[in-house]
Amino acid sequence: MTHPALDIGLTHYLLVTTTLVAAGIATILTKRNAIGILIGVELVLNAAAINLVAYNHFAWSAGKGGPAIEGVMFTAFIIVLAAAEAAVALAIVLNYYNNFSSVDVDQADSLSG
Amino acid sequence: MNLASETRWEDLWGDLWMVMPEVWLVVAMCAVVLAPFIKRRSVALPLGVASAGLMLAVMAALSSFASADAMGTVFTGSLVIDPFSQFFKVLLTLFTLMILGLWILHSRSQTDPADAPDFLCLLLGAAVGMSLMVSATNLLVIFIATETASMPSYALAGFRKRRREGSEGSLKYVLFGSVSSAIMLYGMSLVYGAAGTLSIYGIAAQAAAGISPLMAIGLAAMLAGFAFKLSAVPMHFWCPDVFQGAPIEVTTFLSVASKGAAMCMLLRALAAFAAAAPANGYLFVGIGVAVGILGAVTATWGNLVALHQTNIKRLLAYSSISHAGYMLMAASVAVIAGRSWEGGQHQTGAIQVVVGAVLFYIVVYAFMNLGAFTAATLLAMHTGTEDIRGYAGLSRRSPWLAALMTACLLSLFGMPGLGGFWGKVFLMKSMALAGGAGFALIAVLLFNTLISLYYYLKPVYYMYFVPDEDERPAFLPAGGGLAMLVICVSVLLATGLLPNRIESLARGYATLYPNPVITAPPPLETTVSLLESAPAHD
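Residues numbered from 1 in each chain as written. Chains lettered and ligands numbered in written order. Predicted model: local features only at pLDDT ≥ 70, side-chain atom pairs only at ≥ 80, totals over all residues. Heavy atoms only, no water.

Draft legend 1. Layout of the overall build of chain A. Per the secondary structure count, chain A includes three helices and zero strands. Tracing chain A from N to C terminus, the helices and strands come up as α-α-α. Referenced to the eigenvectors of the C-alpha coordinate spread, the extents of chain A come out at roughly 60 × 35 × 25 Å. For chain A, the proportion of its 113 residues judged to be buried stands at 42%. When contacts within chain A are restricted to residue pairs at least 6 apart in sequence, those whose partners lie at least 24 apart make up 51%. A total of about 5800 Å² of accessible surface is found on chain A, and carbon and sulfur atoms cover 68% of it. (Helix = DSSP H or I, 4+ residues; strand = E, 2+ residues; numbered from the N terminus. Buried < 20%, exposed > 50% of the residue type's maximum accessible area, 1.4 Å probe, protein only. Contact = heavy atoms within 4.5 Å. Areas by Shrake-Rupley, 256 points an atom, 1.4 Å probe, with all protein chains shown as cover.)

Below is the structure:
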């Protein structure tokens, strides 16, 4: 018989993802480096992915005619789309670096008003 | 969506015939990238392939009106093909064709021929995403479609790699965009946790039974993602910078197609919620009021900041923010008036009136914005400036261009006799359905229209009343551009003079696929206790 606190359930996963989201949003808000902001975005994306898998497994695994896999399927797409988004974003950051020799978003103020 | 039910391959093949517009766009997108293998450094070949693909998509979308069999749900209910979606797809593909025209006019000579297929591929990719957005009825498809529309747009915004403004604009776009899509995705995961389904109809049915804090937070986070695509305040910061930095044809594409698609997607979700609303569902009115306030703030903010703009692209960017605000205000009525104020009877007709008004507005807005941007392009090519002070004396130098641009700007303001006026009238008519809240919205709309008169008349003032001090010579703008302008203005005149016919046409297309009967999964007991033991989310 294990200790109840070691019995991993939905709550534990939700605690992890809430921490991840908080860390991600804090990173997005405080980082001035464009790459740093993208890392924060990845944290939020992964929090959502873990949420979906956890909810699917613990709360909504029983479908009408068999196991429901919507959350798991969604997560597979998130993994692919996160990679695609990172590729596009890094290409744009690289191009920005070529033009400005910096990836500091605070310096990106030539367009304003 | 029930994946476990028997899905036969024959059914999936049959479904493929119903999404032919998207299929043609995808085929064209792939063919365009392969074109250089057939003929290197040719612009005509990929351009021809892209136009052919777009025209086939237009025809495929049009042909789905021919039979009732072509409408319905496809791919186990994750996409809906209804007159509303097909109407928007026709408009979107025709609009993309005109964007190709604008590109030939403005950027073709400045683009390396080797880059032309890339540009066309990105443009078609964004169009695929946008046409999927209007059909999506499932959170997964909504997310994929939004990303498919967004990622090419990021790259398009910075397509001229050597331009410093372009790369700065696209950096801001991609950072704002990825942050807001991540937040939207997190919201979706919470909504899935609360509702146990990804279908918007299922979620609406669950929400009708009671909105838990978990679902409320999730829906709010999702609304933030929609607000980004619509550039609604406070997610609007990217919009003027991207619009100023991007090539002008990309700016036009983003200002109309991207916002229109996001608007249609939001309308479909709101209509699903309105149709599922219980008789005493005041929480649903809360959703409508939230969208309405978002729209009112967006319209007012966009107009106030537009007042002191001197760059025409920035001015039109803020103007597009305020137009998105007007449409949001009307969209909120779909939920508020979806149930009448007395008796709790559903007014399904109200939803159709709202959707018809917004569709009409999108059509008119597409043409008046396209016209204004085409005129700005022609002017930028001849005067070399995007500053409206450079328009001085234009009425002497190029009277036709000045007159046509004035018509587009006055239509954006809402001058009687032009389409923009009737667009606003129909929006106000639909707002009136919502009773007291609706009249508040109408007051906001009228107030905003008054403010906007100042900045729409500013370029007109320079064109007609400020003499040109440099005595620059007269010029005749490029024929193709002038032809596009004439098309836009004649559409505006047609909608301005025959508003009722075209509005009833739009309302005919405003038929949304009805909410299917949902057998929502009963909330599991364990789930409820687990959700309640997670206070960190509330």
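Draft legend 2. Representation of the overall build of chain B in the model. A count of helices and strands for chain B gives 21 helices and two strands. Its C-alpha atoms give chain B a radius of gyration of 23 Å, within 12% of the compact-globule value 24 Å for 538 residues. Expressed as a percentage of contacts within chain B between residues at least 6 apart in sequence, the contacts between residues at least 24 apart total 82%. With the model as given, the accessible surface of chain B reaches about 18800 Å², and the carbon-plus-sulfur share is 69%. Averaging the positions of the 27 positive and the 26 negative side-chain charges in chain B gives two centres separated by 10 Å. (Rg over C-alpha atoms; globule rule 2.2 N^0.38 Å. Lys, Arg positive; Asp, Glu negative; His and termini not counted. Charge placed at Lys NZ, Arg CZ, Asp CG, Glu CD.)

Draft legend 3. The nonpolar core, seen in detail. Ranked by size, the top nonpolar core spans 219 residues in total, and within it Phe74(A), Met130(B), Leu139(B), Met188(B), Val358(B), Met405(B) and Met431(B) carry the most contacts. Examining the composition of this core, we find that 22 residues originate from one element, helix α14 (residues 348-383) of chain B, more than from any other. Shared between two domains, this core takes at least three residues from each, and those domains are domain 1 (1-136) and domain 2 (137-537) of chain B. Not counting residues within four places of it along the chain, the set of residues in contact with Met188(B) comprises Phe74(A), Leu139(B), Ile142(B), Phe143(B) and Met222(B). (Core = buried A, V, L, I, M, F, W, Y, C linked by side-chain atoms within 4.5 Å. Domains from an automatic or database assignment.)

Draft legend 4. Layout of the interface of chain A and chain B. With 50 residues of chain A at the interface, the matching set in chain B holds 62 residues. Both sides together, the interface formed by chain A and chain B hides about 4800 Å², and carbon and sulfur atoms give 71% of it. Among the residues chain A hides against chain B, the three largest losses belong to Trp60(A), Glu70(A) and Leu111(A). Together they make up 18% of the total. Linking chain A to chain B there are seven residue pairs in polar contact (both at pLDDT 80 or more). Those elements that place two or more of their residues in the side of chain A that touches chain B are α1 (10-30), α2 (34-58) and α3 (70-100) of chain A. The element contributing the most residues to the side of chain A that touches chain B is α3(A), with 17 residues. A breakdown of the residues in the side of chain A that touches chain B according to their chemical character gives 33 nonpolar, 13 polar and four charged. (Buried area = accessible area lost by both parts, 1.4 Å probe. Polar contact = N/O pair within 3.5 Å; in protein donor to acceptor, adjacent residues only side chain to side chain. Nonpolar A, V, L, I, M, F, W, Y, C, P; charged D, E, K, R; others polar.)

Draft legend 5. Region of the structure containing the pattern of salt bridges. Residues and elements named next belong to chain B. For the coordinates displayed, the defined rule picks out ten salt bridges over all chains. Its salt-bridge partner being Asp 82, residue Arg 268 comes within 3.0 Å of it at the nearest N-O pair. Highlighted residues: Arg 268 in helix α11 (residues 248-276) and Asp 82 in the loop between β2 (79-81) and α4 (83-106), separated in sequence by 186 residues. Judged by relative accessible area, which is 2%, Arg 268 ranks as buried. Asp 82 sits in the buried class, given a relative accessible area of 2%. (Salt bridge = Lys/Arg side-chain N within 4 Å of Asp/Glu carboxyl O.)

Draft legend 6. Examining the packing of helix α8 (residues 200-208) of chain B against α11(B) more closely. All names here are of chain B. Between α8 and α11, the least distance of the axes is 9 Å, while the angle of their chain directions is 40 degrees. With respect to α11, the axis of α8 lies oblique. When the axes of α8 and α11 are compared, the crossing they make is right-handed. The segment α8 lies against α11, with Ile 200, Tyr 201, Ile 203, Ala 204, Ala 205, Ala 207 and Ala 208 engaging Arg 268, Ala 269, Ala 272, Phe 273 and Ala 276. (Axes fitted to C-alpha atoms, helices over the stretch in contact; angles between N-to-C directions. Parallel < 35°, antiparallel > 145°, perpendicular 65-115°, else oblique. Left-handed = near helix turned anticlockwise from the far one by under 90°.)

Draft legend 7. Spotlight on the domain arrangement of chain B. All names here are of chain B. Taken domain by domain, chain B comprises domain 1 (1-136) and domain 2 (137-537). Computed from C-alpha atoms alone, the centre-to-centre distance between domain 1 and domain 2 is 22 Å. If you look at the interface, domain 1 gives 43 residues, while domain 2 gives 53 residues. Between domain 1 and domain 2, a total of about 4200 Å² is buried, with carbon and sulfur atoms accounting for 81% of that surface. For the domain 1 face of the interface with domain 2, the top three residues by lost area are Phe 84, Phe 95 and Met 133, together amounting to 19%.

Draft legend 8. Quick look at the packing of helix α1 (residues 9-18) of chain B against helix α2 (residues 20-38) of chain B. Residue and element names in this part refer to chain B. Two elements in contact, α1 and α2, have axes whose closest approach is 5 Å; the angle formed by their N-to-C orientations is 80 degrees. Judged by the angle between their axes, α1 and α2 are roughly perpendicular. Contacts between α1 and α2 involve Leu 16, Trp 17 and Met 18 from the former and Met 20, Pro 21 and Val 23 from the latter. Classifying every residue of the contact of α1 with α2 gives six nonpolar, no polar and no charged.

Draft legend 9. Region of interest: the side chain of Asn369(B). All names here are of chain B. Considering the arrangement of structural elements, one finds Asn 369 in helix α14. When its relative accessible area of 0% is taken as the criterion, Asn 369 is described as buried. Non-local contacts of Asn 369, meaning those with residues more than four positions away in its chain, are made with Thr 252, Ser 255, Val 256, Ser 320 and Leu 412.

Draft legend 10. Spatial organisation of the confidence of the model for chain B. The predicted model of chain B averages 86 in pLDDT, with 91% of residues at 70 or higher. For the stretch residues 340-346 of chain B, pLDDT sits under 50, and the model shows 15 contacts to residues farther than four places along the chain or on other chains. (pLDDT = per-residue confidence, 0-100.)

Draft legend 11. A look at the packing of aromatic side chains. Scanning the model with the defined rule gives 19 aromatic pairs over all chains in all. With centroids separated by 6.3 Å and ring planes inclined at 80 degrees, the aromatic side chains of Trp238(B) and Phe243(B) adopt a geometry described as edge-to-face. In terms of burial, Trp238(B) and Phe243(B) fall into one category: buried. For the pair Phe421(B) and Trp422(B), a centre-to-centre distance of 5.1 Å together with 75 degrees between the ring planes defines the contact as edge-to-face. Residue classification places Phe421(B) among the partly exposed positions, given a relative accessible area of 25%. Among the aromatic residues, ring-to-ring pairing joins Tyr154(B), Tyr173(B), Phe228(B), Trp238(B) and Phe243(B) into one connected group. Lying across the ring of Phe100(A), Arg164(B) places its NZ or CZ 4.2 Å from the centre. (Phe/Tyr/Trp six-rings, centres within 6.5 Å; stacked < 30°, edge-to-face > 60°. Lys NZ or Arg CZ within 6 Å of the ring centre and 35° of its normal.)

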